[in-house]
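Chain residues, written in single-letter form:
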Amino acid sequence: ANSVLIGKTWYPYVKIGNLYWTTENLREPIGTKNTDYWVYDENTVVERGYIYKHETIIKGQQGVESDALLALLHDGWHIPTNNEAYNLITYNDPYYWQNNGLRFFAKDADRISTQTVTGLTDALGFHAYPSGVYRVPNHGYPDSGFNGYNNRASFYTKTPYSAAGQVYYFGVNFSDGGYTATLGNAFGGQTYLYGAVRLCKSAT
């Protein structure tokens, strides 16, 4: 009940507004490990999921899932559009920049972060953990800089946020005490960063 089989894994989901959202990050081996996807930490795979190269999950800049990912999806599940991501982070709170990231994180999310945080509520049941990112070539996992990416739960959207034609992300962040929910440029527009995936589908 309230879970969906994607690939070989059952993912729980929750209804937020008019969408269902998976409450765990995608962790299906699409392509080749350490090339098309990476495991940030083998000990926190359930919390973080896998982090994927852009081309592994999104076809060019066309706003559609890659063929390899589409082969795993069914019944309307998809990578969110920017409008869907925006509707999530503003759900019941149009002032989404004012510390409402607390309501997206699992209550024990700081267990796998580099910063201790109080007041995490998981009020929406989204159950986010810091997902981590991988930066290539040869830069590994950035633990500082990039506004604290490794303390963010950042997820791909499949449609560009602006006419620039870049891929963008949405995410929640408790680095540097911000606890913010944001929608913005794909890790600074740097396509050599790998990121996590959450899926959604219409609940109507």
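Keep in mind that what you see is a predicted model, and the values were worked out from it rather than measured. (Residues numbered from 1 in each chain as written. Predicted model: local features only at pLDDT ≥ 70, side-chain atom pairs only at ≥ 80, totals over all residues. Heavy atoms only, no water.)

A. Representation of helix H4 (residues 82-89). Those residues of H4 lying buried are Asn 82, Glu 84, Ala 85, Leu 88 and Ile 89. Down the axis, H4 shows its buried residues gathered within 160° of arc, on one side only. (Buried < 20%, exposed > 50% of the residue type's maximum accessible area, 1.4 Å probe, protein only. Helix = DSSP H or I, 4+ residues; strand = E, 2+ residues; numbered from the N terminus. Arc of directions from axis to C-beta.)

B. Seen up close, the packing of aromatic side chains. Throughout the structure, instances matching the rule amount to 8 aromatic pairs. Pairing Trp 21 with Phe 126 gives two aromatic rings, centres 6.0 Å apart and planes at 70°, and the pair type is edge-to-face. Placement of the pair is Trp 21 in strand E3 (residues 19-22) and Phe 126 in the loop between H4 and strand E6 (134-135), with a sequence separation of 105 residues. By the burial criterion, Trp 21 is buried, and Phe 126 matches it. Taken together, a centroid distance of 5.9 Å and an interplanar angle of 80° make the contact between Phe 126 and Phe 155 edge-to-face. Placement of Phe 126 in the loop between H4 and E6 and of Phe 155 in strand E7 (residues 152-156) is noted, with a sequence separation of 29 residues between them. What makes Phe 126 buried here is its relative accessible area of 1%. For Phe 155, a relative accessible area of 1% gives the class buried. One aromatic cluster is present, built from ring pairs that chain together Trp 21, Phe 104, Phe 126 and Phe 155. Note that Arg 198 overlies the ring of Phe 126, its terminal NZ or CZ placed 4.3 Å from the centroid. (Phe/Tyr/Trp six-rings, centres within 6.5 Å; stacked < 30°, edge-to-face > 60°. Lys NZ or Arg CZ within 6 Å of the ring centre and 35° of its normal.)

C. Here's a closer look at the sheet that holds strand E1 (residues 3-6). The strand order across the open sheet built from 4 strands is E1-E2-E3-E11, with neighbouring strands paired in antiparallel fashion. Since the sheet does not close on itself, it has two edges, and those belong to E1 and strand E11 (200-202), each with one partner. Put simply, the sheet's adjacent strands are angled 35° from each other on average, direction ignored. The sheet contact formed by E1 and strand E2 (residues 9-16) spans 4 bridges and is antiparallel. Looking at E2, one finds that Val 4 is bridged to Tyr 11. (Pairing = 2+ DSSP bridges. Axes fitted to C-alpha atoms, helices over the stretch in contact; angles between N-to-C directions.)

D. Just the environment of Ala 109, in detail. Following the sequence through the fold, Ala 109 ends up in the loop between H4 and E6. Since its relative accessible area comes to 0%, Ala 109 is described here as buried. Separated by 19 residues in sequence, Ala 109 and Ala 128 have C-alpha atoms that sit 7.1 Å apart.

E. Main features of the pattern of salt bridges. In total, this model carries 6 salt bridges according to the counting rule given. Across the pair Glu 24 and Arg 27 runs a salt bridge, and its minimum N-O distance is 2.9 Å. When sorted by exposure, Glu 24 lands in the same class as Arg 27, which is buried. The closest approach of N and O atoms between Glu 47 and Arg 111, which form a salt bridge, is 3.1 Å. With Glu 47 in helix H1 (residues 45-48) and Arg 111 in the loop between H4 and E6, the pair connects residues that are 64 residues apart, well separated along the chain. On the basis of relative accessible area, Arg 111 is assigned to the partly exposed category, the value being 47%. Here the salt bridges do not stand alone but share partners, grouping Glu 47, Asp 108 and Arg 111 into one network. (Salt bridge = Lys/Arg side-chain N within 4 Å of Asp/Glu carboxyl O.)

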